[in-house]
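# Structure at a glance
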Amino acid sequence: MADQGKSGGVREYRKGNWTVHETSVLIAAKRMDEERRMKRSGDGDGRSRPAELRWKWVEDYCWRHGCLRSQNQCNDKWDNLMRDYKKVREYERRLAERGVGEEGSYWKLEKHERKERNLPSNMLPEIYDAVVEVVEKRGVPRVSGGSVAPNIGLVMEMPSSSVQPSMPPLLQYHTSNPTPPLPLPPQPLPHSQPLPSVDSDTSEHSNSSAKRRRRGEGTSSSGNTSYEVGSAISKSASIIAEAIQACEEKEEKRHRDLLNLQERRLKVEESKTEINREGINGLVDAINKLASSILALVSDKNSSAPKQPTIVNKNNT
């Protein structure tokens, strides 16, 4: 595969497996490309460059740093890196939820154990950390100037019980970016209002309506607000999880289609090679038979030709 470079020369792209250096250069190029894109969006320029031009820029960056790969190769390699990164991240998240610890961590597994768990077998820690850095930079919102949303302070002062502790950190991170600020009730949160003691009421086993009303007055508004915020976060987390799962399924389907296409191409090439081989063998056999027939005909003609009599000179005798 060859292409015209910026200097007018022909680029000869390298094929085969990617080295660690080439992978590191590609990740660095993607990180710089994301920084350039975020800078343009932060400066107020809403126009984004097409994906083809962005990958062309990535190819030029890789060539300047010794990675002789095309933009299509870079795109496919980045898709593979993201697929492996998501598998490792999801596996580590499930381990953290079960509280297994570092014993069953991906980085402690052998190569055959990773294959048995349907995990990438050759993901390196430095490559994984570099991809994490790029993905985290992609999701951090850019705040211009000193303008901060006025509801941030109120949200941070809410009690920690309103946040679901079982939600993984990854989903909390994603929910904070695309979810719009939730509307808060007009009245201030009753932080200064003293809440009744739960122990005293439960110790007396009081069922009077006055005490039930007194307990409900202090906790109804904050409880409703906490419930609304928690339900909104849960819905946002489920929507984001479904979107991520759908995106991963599409990527896996695309790679399966590519593999199937490559297999079909290999089968076609093998069939063509077999047909050519059979044709050449048939031609060789025909030539051998023709040569044998010619030799047999010549030998028969020589054997059937009459012998001329020998003339004896009597004078010599």
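Residues numbered from 1 in each chain as written. Predicted model: local features only at pLDDT ≥ 70, side-chain atom pairs only at ≥ 80, totals over all residues. Heavy atoms only, no water.

This part covers the overall build of the protein. Scanning the protein from N- to C-terminus turns up nine helices and two strands. Listing every helix and strand of the protein by position from the N terminus yields β-β-α-α-α-α-α-α-α-α-α. Sorting the 317 residues of the protein into buried and exposed places 24% on the buried side. Sequence separation of at least 24 residues holds for 67% of the intrachain contacts in the protein that already meet a minimum separation of 6. (Helix = DSSP H or I, 4+ residues; strand = E, 2+ residues; numbered from the N terminus. Buried < 20%, exposed > 50% of the residue type's maximum accessible area, 1.4 Å probe, protein only. Contact = heavy atoms within 4.5 Å.)

Before going further, it helps to spend a moment on helix 3 (residues 71-98). With 28 residues, helix 3 should reach 40 Å at 1.5 Å per residue; the first-to-last C-alpha distance of 41 Å fits that figure. Immediately downstream of helix 3, the backbone of G99 shows phi near 70°, a positive value. (Expected span 1.5 Å × (residues − 1).)

This part covers the pattern of salt bridges. Using the criterion set out here, one finds 20 salt bridges in the structure. Across the salt bridge formed by R11 and D60, the nearest N and O atoms sit 3.1 Å from each other. Taken together, the positions of R11 in strand 2 (residues 10-12) and D60 in helix 2 (residues 51-64) put the pair 49 residues apart, joining distant regions of the chain. Across the pair, D60 and R11 agree in class, each one buried. The salt bridge partner of E59 is K56, with a shortest N-O separation of 3.5 Å. Placement of both E59 and K56 in helix 2 is noted, with a separation of three residues, approximately one turn of the helix. Connected via shared salt-bridge partners are K30, D33, E34, R36, R37 and R54. (Salt bridge = Lys/Arg side-chain N within 4 Å of Asp/Glu carboxyl O.)

With that settled, consider the packing of aromatic side chains. Taken as a whole and assessed by the stated rule, the structure comprises five aromatic pairs. Where Y13 meets W63, the ring centres are 5.9 Å apart and the plane angle is 80°; that geometry is what we call edge-to-face. Here Y13, found in the loop between strand 2 and helix 1 (20-42), pairs with W63, found in helix 2; they are 50 residues apart in sequence, far enough to count as distant. On the accessibility criterion, Y13 (9% relative accessible area) is buried. The exposure class assigned to W63 is partly exposed, which follows from its relative accessible area of 22%. Relative to Y128, the ring of Y85 lies with its centre 5.4 Å away and its plane at 45°, an arrangement referred to as tilted. With Y85 in helix 3 and Y128 in helix 5 (residues 125-139), this pair connects stretches of sequence that are 43 residues apart. The buried category is assigned to Y85, whose relative accessible area is 5%. Using a relative accessible area of 13% as the deciding quantity, one classes Y128 as buried. Each member of the aromatic cluster is reached from another via a ring pair, and the members are Y85, Y106, W107 and Y128. Over the face of the ring belonging to W63 we find R11, whose NZ or CZ atom lies 4.8 Å from the ring centre. Looking at R114, its charged tip hangs above the ring of Y106, at a distance of 4.0 Å from the centre. (Phe/Tyr/Trp six-rings, centres within 6.5 Å; stacked < 30°, edge-to-face > 60°. Lys NZ or Arg CZ within 6 Å of the ring centre and 35° of its normal.)

One finds L26, I27, V58 and C62 to be the most contacted residues of the largest nonpolar core, which totals 31 residues. Those elements that provide at least two residues to this core are helix 1, helix 2, helix 3 and helix 5. When residues of this core are assigned to their parent elements, the largest contribution, eight residues, is made by helix 3. Once residues lying within four places of it in the same chain are set aside, the contact partners of I27 are W78, L81, I127, A130, V131 and V134. (Core = buried A, V, L, I, M, F, W, Y, C linked by side-chain atoms within 4.5 Å.)

Turning our eyes to something else, we now look at the confidence of the model for the protein. Looking at the protein as a whole, its pLDDT mean stands at 75, while 64% of the residues score no less than 70. Confidence, read as mean pLDDT per element, is least for helix 6 (residues 152-156) in the protein (32) and greatest for helix 3 (93). (pLDDT = per-residue confidence, 0-100.)

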